[in-house]
Amino acid sequence: MVSPLSVMSFLPIAEEFVMLGASPAAVLAFLMSERAYDIQSFFIISGLFGLKSAALNFSAIFISLLVASYFLKTEKIELEKQENGNHHFWKNQARIFIFVLLGVAVASVFRHAVPKEMFFSYISGELNSALAALIFGFLFYFGTILGNYPIAKTFADLGMAPLGVFIFLTVAPLLNLVIILLFSGVAKIKPTLKYIFIYSLVGLLVSFSLKLFGLI
């Protein structure tokens, strides 16, 4: 969770981790954690939403990753070998940087193009905002996890309920069509879906629990 690099940087060398003796399930859990959070995440989220929200988001993601990783520990996983993947490190980093900029650009356009009143009428309610967060998170890909944060801020500015924003920050990093396809090409579809399903379910339960106790 605290690595400063992107999951894309580690995908090409996942097979090398296994060859060095690492469990494929542990490597997949490592890659999922790498995608779900970043060392910069806490500081960016605290700047956008405050220290309390940043701490709760970190806790929710950590718990979700821990539970999902636990249930995956006995799964038989075969990681696909990435031929000559380590030679594309800087190319992947440049591509990811472009995706992040794209996320910022889309957020800006969305913020100014969508009438606040119309958006608010659909996602101001708690349940509606939760459903909208899941749909947006699943369908739209904004590069690294850092690309999700300006989108979340835009949703909040347009009137999305705090629960929906928190779910988007917590669940959307992994419950995303592009991410599912990405990891399915590395660890097959069954363990990928199992991990993401458990992660998302726990993330939703934690999010609703925090709302129930008035923390978000």
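Residues numbered from 1 in each chain as written. Predicted model: local features only at pLDDT ≥ 70, side-chain atom pairs only at ≥ 80, totals over all residues. Heavy atoms only, no water.

Visitor: Can you lay out the packing of aromatic side chains for me, pointing to particular residues and giving the numbers?
Guide: On inspection of all chains with the given rule, the structure shows 6 aromatic pairs. Where Phe-155 meets Phe-168, the ring centres are 5.2 Å apart and the plane angle is 75 degrees; that geometry is what we call edge-to-face. In this pair, Phe-155 sits in helix 9 (residues 148-157) while Phe-168 sits in helix 10 (residues 162-171), placing the two residues 13 residues apart along the sequence. Of the two residues, Phe-155 and Phe-168, both sit in the buried class. The rings of Tyr-37, Phe-58 and Phe-62 are connected pair by pair, giving a single aromatic cluster. The ring of Phe-49 carries Lys-153 above its face, with NZ or CZ at 5.9 Å from the centroid. (Phe/Tyr/Trp six-rings, centres within 6.5 Å; stacked < 30°, edge-to-face > 60°. Helix = DSSP H or I, 4+ residues; strand = E, 2+ residues; numbered from the N terminus. Buried < 20%, exposed > 50% of the residue type's maximum accessible area, 1.4 Å probe, protein only. Lys NZ or Arg CZ within 6 Å of the ring centre and 35° of its normal.)

Visitor: Describe a nonpolar patch on the surface, listing the residues and the values that go with them.
Guide: On the surface, Leu-131, Ile-135, Phe-138, Leu-139, Phe-140, Leu-177 and Leu-181 cluster together into a nonpolar patch covering about 650 Å² of accessible area. Mapped by element, the contributors of at least two residues to the nonpolar patch are helix 8 (126-139) and helix 11 (177-187). Element by element, the count of residues in the nonpolar patch is highest for helix 8, at 4 residues. Here Leu-177 is to be found in helix 11. (Patch = residues over 30% accessible without salt bridge, like charges linked within 9 Å, V, L, I, M, F, W, Y side chains within 5 Å. Areas by Shrake-Rupley, 256 points an atom, 1.4 Å probe, with all protein chains shown as cover. Salt bridge = Lys/Arg side-chain N within 4 Å of Asp/Glu carboxyl O.)

Visitor: Mind laying out the packing of helix 3 (residues 24-36) against helix 12 (residues 189-212), listing which residues take part and the relevant values?
Guide: In the contact formed by helix 3 and helix 12, the axes pass within 12 Å of each other and the chain directions differ by 50 degrees. Classified by the angle between their axes, helix 3 and helix 12 sit oblique to one another. Once helix 3 is placed against helix 12, the crossing between them reads as right-handed. Judged by residue contacts, Leu-28, Ala-29, Met-32, Ser-33 and Ala-36 of helix 3 engage Pro-191, Thr-192, Tyr-195, Ile-196 and Tyr-199 from helix 12. Split by residue class, the contact of helix 3 with helix 12 holds 8 nonpolar, 2 polar and no charged. (Axes fitted to C-alpha atoms, helices over the stretch in contact; angles between N-to-C directions. Parallel < 35°, antiparallel > 145°, perpendicular 65-115°, else oblique. Left-handed = near helix turned anticlockwise from the far one by under 90°. Contact = heavy atoms within 4.5 Å. Nonpolar A, V, L, I, M, F, W, Y, C, P; charged D, E, K, R; others polar.)

Visitor: Residues and numbers for the pattern of salt bridges, please.
Guide: Scanning all chains against the criterion turns up 2 salt bridges. Close ionic contact of Lys-211 with Glu-126 constitutes a salt bridge, the shortest N to O distance being 3.1 Å. Of this pair, Lys-211 sits in helix 12 while Glu-126 sits in helix 8, and the two are 85 residues apart along the sequence. With a shortest N-O distance of 3.5 Å, Asp-157 and Lys-153 are connected by a salt bridge.

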